[in-house]
Each structure stands twice: as structure tokens, then as C-alpha cells.
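Residue strings, one per chain:
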Amino acid sequence: MGLTVFEGLQSEIFVPITPKSVFTPVTKELKEMRVALATAAGVHLKSDKRFNLAGDTTYREVPDGTPSDELMVSHGGYDNADVNRDVNAMFPIDRLHELVKEGFIKEAAPVHYAFMGGGGDQEAFHDVTGPEIAQKLVDEEVDAVVMTAG
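The structure presented is a predicted model; accordingly, all values stated were derived computationally and were not measured.

Caption draft 1: Layout of the overall build of the protein. Counting secondary structure elements, the protein contains three helices and seven strands. Moving toward the C terminus, one meets the helices and strands of the protein in the order β-β-β-β-α-α-β-β-α-β. By residue count, 34% of the 150 residues in the protein fall in the buried class. When contacts within the protein are restricted to residue pairs at least 6 apart in sequence, those whose partners lie at least 24 apart make up 71%.

Caption draft 2: Unusual backbone geometry, seen in detail. You will see that Glu141, though not glycine, has its phi angle at about 55 degrees, which is positive. For Glu141, a relative accessible area of 62% gives the class exposed.

Caption draft 3: Region of the structure containing the pattern of salt bridges. Scanning the model with the defined rule gives six salt bridges in all. A salt bridge links Lys28 to Asp143, with the shortest nitrogen-to-oxygen separation between them at 3.0 Å. With Lys28 in the segment before β1 (34-39) and Asp143 in the loop between α3 (122-139) and β7 (144-148), this residue pair connects regions lying 115 residues apart in the sequence. Taking the relative accessible area as the measure of exposure, Asp143 reaches 34% and is therefore partly exposed. Arg95 is paired through a salt bridge with Glu98; the nearest N and O atoms lie 2.9 Å apart.

Caption draft 4: Here's a closer look at the confidence of the model for the protein. With 87% of its residues at a pLDDT of at least 70, the protein reaches an overall mean of 87. Of all secondary-structure elements in the protein, the lowest mean pLDDT belongs to helix α1 (residues 81-85), at 80, while strand β5 (residues 107-108) reaches the highest, 98.

Caption draft 5: Region of the structure containing a nonpolar patch on the surface. On the surface, a cluster of nonpolar side chains totalling about 260 Å² of accessible area is made up of Leu30, Leu99 and Phe104. Following the sequence through the fold, Leu30 ends up in the segment before β1. Residue Leu30 is classed as partly exposed on the basis of its relative accessible area of 40%.

Caption draft 6: How the structure looks around the environment of Arg85. On the secondary structure map, Arg85 appears in helix α1. Arg85 sits in the exposed class, given a relative accessible area of 63%. Here the alpha-carbon distance between Arg85 and Asp69, two residues 16 residues apart in the chain, equals 8.8 Å.

Caption draft 7: A look at the nonpolar core. Core analysis: the largest hydrophobic core is formed by 17 residues, its most contacted members being Val43, Leu71, Phe91 and Leu96. Discounting chain neighbours no more than four positions away, the residues touching Phe91 are Leu37, Thr39, Val43, Val62, Leu71, His112 and Tyr113. Counting 11 residues, the second-largest nonpolar core is a separate cluster that includes Ala40, Tyr59, Ala109 and Tyr113.

Cut-offs and rules
- Residues numbered from 1 in each chain as written.
- Predicted model: local features only at pLDDT ≥ 70, side-chain atom pairs only at ≥ 80, totals over all residues.
- Heavy atoms only, no water.
- Helix = DSSP H or I, 4+ residues; strand = E, 2+ residues; numbered from the N terminus.
- Buried < 20%, exposed > 50% of the residue type's maximum accessible area, 1.4 Å probe, protein only.
- Contact = heavy atoms within 4.5 Å.
- Salt bridge = Lys/Arg side-chain N within 4 Å of Asp/Glu carboxyl O.
- pLDDT = per-residue confidence, 0-100.
- Patch = residues over 30% accessible without salt bridge, like charges linked within 9 Å, V, L, I, M, F, W, Y side chains within 5 Å.
- Areas by Shrake-Rupley, 256 points an atom, 1.4 Å probe, with all protein chains shown as cover.
- Core = buried A, V, L, I, M, F, W, Y, C linked by side-chain atoms within 4.5 Å.

In C-alpha cells:
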């Protein structure tokens, strides 16, 4: 990855330039959509291996039926105390289920995805982690993804 210089801007740390987002036009109403969650907040099952706090580029699968009290966060880029009290603060799984119950969306995806954002090997995220998650979402026929930061 090359270094991009912008006149008048300066940083003492390497900050990768994020490529333009790719958006897909919406072709359905929300009430007809299968929706997944994806987060860079470092969410995972309490029984899963914790994220390596120094640039982990792996991801964790969160089955939709997982109770929120069986989820936690391991992320080195922010204070995890509040989100570990209520994981919905960064991974709104209970709110998603409420939207399904109310008929606002058709259904939750069978699996949601979590990784630890905040740096690390951007090429690995771009070339490996991101495409793997995207393909799984396509295979699960997900219509929309709610993404949260970490």
C-alpha cells in the first residue's frame, strides 16, 4: 500500500486512505429484506477465541440465535467496559430481532459477522477478510447489512 500525501494535512501515524464505498441499489422494501449485522467492534461469542488486540484480521461468525448475554467484545482500540455490559450498544442484535417481530424487516440473517477494526493490515481486510464475509452474505441471500464501527 502506498503513501498518499494531501497538501496541508499532516499525521504522525500512518493513516490508510479508504477507497470509495461500493453501494448496491435497494430493490426491495425493508419489510421484504433479510438483514445481517456486521461490526468492526470486536464482538464474539464468549466461547470463541478472543481477538488478538494487535492488528487481528480474522473474523468471527455470530449465529443469529445466540442470546446477547453470550456475546462479548475483545478490541484494543476502545474501552470495552460499556459494550460488555450491553453488547447491543455496538452490535444491536436484540434491536434487530425486535424489528423482525414488529414486521419492519422480513427476517434476520442466519449468521452475522464481526471483526476487530481500527487498523492492522488493510490489504488483508481488503483482499481476504472483506471478500470472505461478503461472499458468505451473498450465499446467505442477505439483502441488507447494518454495519457498526469499533
